[in-house]
Amino acid sequence: ARTTGNRYGGSLKIGHEFAGSSLHFTPFIGVRALHGSLDAYSETGVTGLNFAFGSQHVRSLDFQAGATADFDLRTGDTPITLGLSGVYSADLSNGDRTLSGRLADNLSQMTSVQVADGNGSNFKAGAHLVIGLGKRWSWTLSAGTETRNDGKNAVQYGGSIQTGF
């Protein structure tokens, strides 16, 4: 089945950086809005069992409050940054959306279910380590965790190499 859809969003954060010689601390508050849609579509390929789906629209508006802290460390000429972050998010637009569908190859009626929209509330904490490699290269290691009010928690790890010209 082929279909089209879109997803877009934006965020606005207001904060202030408090900087010392090696510590940069930035508390902030903000809002994040997301919208997504998926056009209606029908499956093909299995006569009698193909499913037709109605269009879907998803919305989320979150309040965010948090802080970041970066510690600039240096060993000789190698810049090293250790960063910590924490963000609390709460969904301001909890609501429901309708998903609908039916078997496409017969006379069955459309069936709809109500699904909770939004992410509820969560807290995210993370840490990253950035080490410079020469004037134009660096590498980053990161780890983060998300604790949600619905019990669906997550842990993420990352690594990357950056360059600039």
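None of the values given here were measured: they were computed from a predicted structure. (Residues numbered from 1 in each chain as written. Predicted model: local features only at pLDDT ≥ 70, side-chain atom pairs only at ≥ 80, totals over all residues. Heavy atoms only, no water.)

## Re the side chain of asparagine 122
Quick reminder of the rule: Only DSSP runs of H or I with at least four residues qualify as helices, and only runs of E with at least two residues qualify as strands; both kinds are numbered from the N terminus onward. In this analysis, two residues are considered to be in contact whenever any of their non-hydrogen atoms come within 4.5 Å of each other.
Take asparagine 122: it is sitting in strand β10 (residues 121-133). Apart from the residues lying within four places of it in its own chain, the contact partners of asparagine 122 are Val87, Tyr88, Ser89, Glu146, Thr147 and Arg148.

## Section: the environment of threonine 4
As a reminder, the rule being used: Polar contacts, as used here, are pairs of N or O atoms within 3.5 Å; protein pairs need one atom able to donate a hydrogen and one able to accept it. Residues neighboring in sequence count only if both atoms are side-chain atoms.
Inspection of the secondary structure puts threonine 4 in the segment before β1 (5-15). Once the C-alpha coordinates of threonine 4 and tyrosine 41 are considered, the two residues, 37 residues apart in sequence, prove to be 8.7 Å apart. With residues up to four places along the chain from it excluded, the contact list for threonine 4 reads Leu38 and Asp39. Polar contacts involving the side chain of threonine 4 include one to the side chain of aspartate 39, which spans 2.5 Å.

## Examining the environment of glycine 66
Defined as follows: The buried label goes to any residue with under 20% of its type's maximum accessible area, the exposed label to any with over 50%, and the partly exposed label to all in between, with areas taken from a 1.4 Å probe on protein chains only.
Take glycine 66: it is sitting in strand β6 (residues 56-75). When its relative accessible area of 16% is taken as the criterion, glycine 66 is described as buried. Considering only alpha carbons, one finds glycine 66 and glutamate 43, 23 residues apart in sequence, at a separation of 44 Å. If sequence neighbours within four positions are ignored, glycine 66 has contacts with Thr26, Pro27, Phe28, Gly86 and Val87.

## Considerations on a nonpolar patch on the surface
Our working definition: Distance thresholds for patches are 9 Å for like charges and 5 Å for nonpolar side chains (Val, Leu, Ile, Met, Phe, Trp, Tyr), applied to residues having over 30% relative accessible area and no salt bridge. Method for areas: the Shrake-Rupley scheme with a 1.4 Å probe, in which residue coverage is limited to the protein chains shown. Here, a salt bridge means any Lys or Arg side-chain nitrogen found within 4 Å of an Asp or Glu carboxyl oxygen.
The grouping of Leu12, Ile14, Ile29, Val31, Leu61, Phe63, Tyr88, Leu92 and Phe123 at the surface amounts to a nonpolar patch, some 820 Å² of accessible area in total. One can find leucine 92 in the loop between β7 (78-91) and β8 (95-103). Judged by its relative accessible area of 53%, leucine 92 falls in the exposed class.

## Things to note about the pairing of β7
As a reminder, the rule being used: For two strands to count as paired, DSSP must find a minimum of two bridges between them.
As paired elements, β6 and β7 share 14 bridges and run antiparallel to each other. From the neighbouring strand, alanine 65 faces β7, where its bridge partner is tyrosine 88. Where β6 folds back onto β7 in an antiparallel hairpin, the turn is made up of two residues, including glycine 76, whose phi is positive at roughly 65°. In this structure, β7 lies alongside β10, joined through eleven bridges in antiparallel fashion. Within the sheet, the bridge partner assigned to glycine 83 lies in β10 and is histidine 128.

## Remarks on the confidence of the model for the protein
In plain terms, the rule: What pLDDT expresses is the predictor's confidence in each residue, scored from 0 to 100.
On average, the protein scores 86 in pLDDT, and the residues at 70 or more come to 91%. For the protein, per-element mean pLDDT is lowest for β8, which scores 69, and highest for strand β2 (residues 18-19), which scores 95.

## Topic: the environment of arginine 32
Mapped onto the elements, arginine 32 comes out in strand β3 (residues 23-38). With a relative accessible area of 23%, arginine 32 lands in the partly exposed category. Separated by 29 residues in the primary sequence, arginine 32 and leucine 61 have C-alpha atoms spaced 5.7 Å apart. Within the structure, arginine 32 has its side chain in polar contact with the side chain of aspartate 62 (distance 2.3 Å).

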